[in-house]
Amino acid sequence: MSDPLAEIVALLKPVPSIAKLVTAGGTWLVERRELGSPFYCAIVEGHCLLTISDQSPIALAAGDFVLVPQIYAFTMSSLQPPPRGTLPQRLETSPGVFRLGDPAAAAEVTALVGHCAFTANDEQLLGSLLPDIVHVQNESRLTDLVRMIHAETVGLRAAREMILTRLLEVLFIDALRSAGNPTISPGLLRGLADSRLAPALRHIHENPGGDISVEELAEAAAMSRSAFFDRFRREVGVPPMEYVTSWRMALAKDMLLRRTAPLIEIAARVGYASASAFNVAFTRSVGMTPGAFARSC
């Protein structure tokens, strides 16, 4: 049986970037306005606020884990942030260890923070499949994984990059599957959490090169065509065939980048009867021909 979640993470290819141990005391605030990288954080002790792209602040406490798969501006602060215009207090006390706020104040918050990148660099895939934010509470294994990533990052031991890549994949899969509930933003996770839609999503991923139709997917979901269409669009965030096309194009991009097969074979694997039909669909979706895409990367 196909596992869409594992396939998505494998296709995105997360790679580690920065891992930090952060302590904070008094009133403090850190702000990221420039476009950066996907971000994750495990709160080990204390409480703080996380505000992402003008959304309502999220109160975080010990045992909370947050993953922001897409690139957003955000702030993290004490529960009572400092006045506007206050210069941030940030001190690197040792490699990969930072102190925020008044250094004379008692440390009230300890957090493990990390940044990463997606080798796939596919914003369309991210936007259509992953939630805006993943917030998981009281899952100690996520904090343990972040601890392992931080220890491996600063340890400088043999095979570090290989181990970090595997740990990061496990972290993403575990975080995403822990967050599959109706409260997250529409996307793949909400679809997989829906007992009716999950079989249809697995069907798409099992055979992306097949002759997929809304009628066939509705049958897999044991629903009428119209009810299935409305439910899929509401929970996944896009109409069924738009999802099918997005997934096919993501697979095609990966094969083009890896140069694993000739164009006619790639076309067949993602559901197109000819290279010309695939060329038209790819150009419409991506904005350039398959050949131009392969040369540009």
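Our structure is the block above this text.
This write-up is about the structure you can find in this document. (Residues numbered from 1 in each chain as written. Predicted model: local features only at pLDDT ≥ 70, side-chain atom pairs only at ≥ 80, totals over all residues. Heavy atoms only, no water.)

**Concerning the sheet that holds strand β1 (residues 14-25)**
Two pairing modes exist for strands in a sheet, parallel and antiparallel, and in both the strands are linked by backbone hydrogen bonds.
Part 1 of the reasoning: Sheet architecture is open: 7 strands sit in the order β8-β9-β1-β10-β3-β6-β11, paired in mixed fashion. The sheet is open, and its two edges are formed by β8 (90-94) and β11 (134-137), each paired on a single side. For this sheet the average axis-to-axis angle between neighbouring strands, irrespective of direction, equals 20°.
Part 2 of the reasoning: One ladder, built from 10 bridges, connects β1 with strand β10 (residues 109-118); its direction is antiparallel. Across the sheet, Ile 18 pairs through a bridge with His 115, a residue of β10.
Part 3 of the reasoning: Contacts from helix α4 (residues 160-178) reach β1, β3 (39-45), β6 (64-68), β10 and β11, with the element oriented near 75° to β1. (Pairing = 2+ DSSP bridges. Helix = DSSP H or I, 4+ residues; strand = E, 2+ residues; numbered from the N terminus. Axes fitted to C-alpha atoms, helices over the stretch in contact; angles between N-to-C directions. Contact = heavy atoms within 4.5 Å.)

**Side note on the environment of Gly 209**
Part 1 of the reasoning: Structurally, the position occupied by Gly 209 is in the loop between α6 (197-206) and α7 (214-220).
Part 2 of the reasoning: Put simply, Gly 209 and Thr 110 are 99 residues apart on the chain and 48 Å apart in space, counted from C-alpha to C-alpha.
Part 3 of the reasoning: Those residues within four positions of Gly 209 in sequence are excluded, and the remaining contacts are Arg 248, Ala 268, Arg 269, Val 270 and Gly 271.

**Focus: unusual backbone geometry**
Note: most residues except glycine have negative phi, and most peptide bonds are trans.
Part 1 of the reasoning: A positive phi angle is found at Lys 13, which is not glycine, with a value near 55°.
Part 2 of the reasoning: Locating Lys 13 in the fold gives a position in the loop between α1 (4-12) and β1.
Part 3 of the reasoning: Here Lys 13 falls in the partly exposed class, since its relative accessible area comes to 27%.
Part 4 of the reasoning: The residue Ala 159 is not glycine, and still its phi comes out positive at about 60°.
Part 5 of the reasoning: Along the chain, the position of Ala 159 falls in the loop between α3 (140-155) and α4. (Buried < 20%, exposed > 50% of the residue type's maximum accessible area, 1.4 Å probe, protein only.)

**Remarks on the pairing of strand β9 (residues 97-101)**
Part 1 of the reasoning: The buried count for β9 comes to 4 of 5 residues, which makes it a mostly enclosed element.
Part 2 of the reasoning: By the bridge criterion, 5 bridges tie β1 to β9 in an arrangement that is parallel. Pairing of Thr 23 across the sheet is with Arg 99, part of β9.
Part 3 of the reasoning: The sheet contact formed by β8 and β9 spans 4 bridges and is antiparallel. Of the residues in β9, the one forming a bridge with Leu 91 is Arg 99.

**Regarding the sheet that holds strand β7 (residues 74-77)**
Part 1 of the reasoning: Here 4 strands make up an open sheet; going across it, the order is β2-β7-β4-β5 and the pairing antiparallel. Here the strands that pair on one side only, and so sit at the sheet edges, are β2 (29-32) and β5 (58-61). The mean inter-strand angle of the sheet, taken between neighbouring strand axes irrespective of direction, is 20°.
Part 2 of the reasoning: Pairing between strand β4 (residues 47-52) and β7: 4 bridges, direction antiparallel.

**A look at the layout of surface pockets**
Empty space among the atoms becomes visible once a probe the size of a water molecule is rolled across them.
Part 1 of the reasoning: As a volume, the largest pocket reaches approximately 500 Å³.
Part 2 of the reasoning: Elements supplying a minimum of two residues to the lining of the largest pocket: β2, β4, β7 and β9.
Part 3 of the reasoning: Among the residues forming the lining of the largest pocket, the class breakdown is 12 nonpolar, 8 polar and 4 charged.
Part 4 of the reasoning: Along the wall of the second largest pocket there are 26 residues; nearest its centre are Lys 20, Val 30, Phe 74, Arg 90 and His 115. (1 Å grid on protein atoms, 1.4 Å probe; cavity = no way out; pocket = protein on both sides within 12 Å on 5 of 7 lines; lining within 4 Å. Points joined across faces, edges and corners; volume = space filled by probe spheres on them. Nonpolar A, V, L, I, M, F, W, Y, C, P; charged D, E, K, R; others polar.)

**So, the pattern of salt bridges**
Part 1 of the reasoning: Evaluation of the coordinates by the stated rule reveals 13 salt bridges.
Part 2 of the reasoning: Residue Arg 157 pairs with Glu 152 through a salt bridge whose shortest N-O separation is 3.1 Å.
Part 3 of the reasoning: Residues Arg 269 and Glu 265 are paired through a salt bridge, measuring 2.4 Å at the closest nitrogen-oxygen approach. With a gap of 4 residues between them, Arg 269 and Glu 265 both fall in helix α10 (residues 263-269), about one helical turn apart.
Part 4 of the reasoning: Residue class for Arg 269 comes out partly exposed when judged on its relative accessible area of 39%.
Part 5 of the reasoning: The partly exposed category is assigned to Glu 265, whose relative accessible area is 34%. (Salt bridge = Lys/Arg side-chain N within 4 Å of Asp/Glu carboxyl O.)

**Side note on the nonpolar core**
Part 1 of the reasoning: If you look at the biggest cluster of nonpolar residues, it comprises 64 residues, and the most contacted ones within it are Phe 65, Leu 171, Phe 228, Tyr 243 and Phe 278.
Part 2 of the reasoning: Here the element with the most residues in this core is helix α9 (residues 240-258); it accounts for 9 residues.
Part 3 of the reasoning: Not counting residues within four places of it along the chain, the set of residues in contact with Phe 65 comprises Tyr 40, Cys 41, Ala 42, Val 134, His 135, Val 136, Leu 142, Val 146, Leu 171 and Ala 175.
Part 4 of the reasoning: If you look at the next biggest cluster of nonpolar residues, it comprises 21 residues, including Cys 48, Val 66, Leu 100 and Val 113. (Core = buried A, V, L, I, M, F, W, Y, C linked by side-chain atoms within 4.5 Å.)

The values reported here are purely geometric and, on their own, carry no functional implication.
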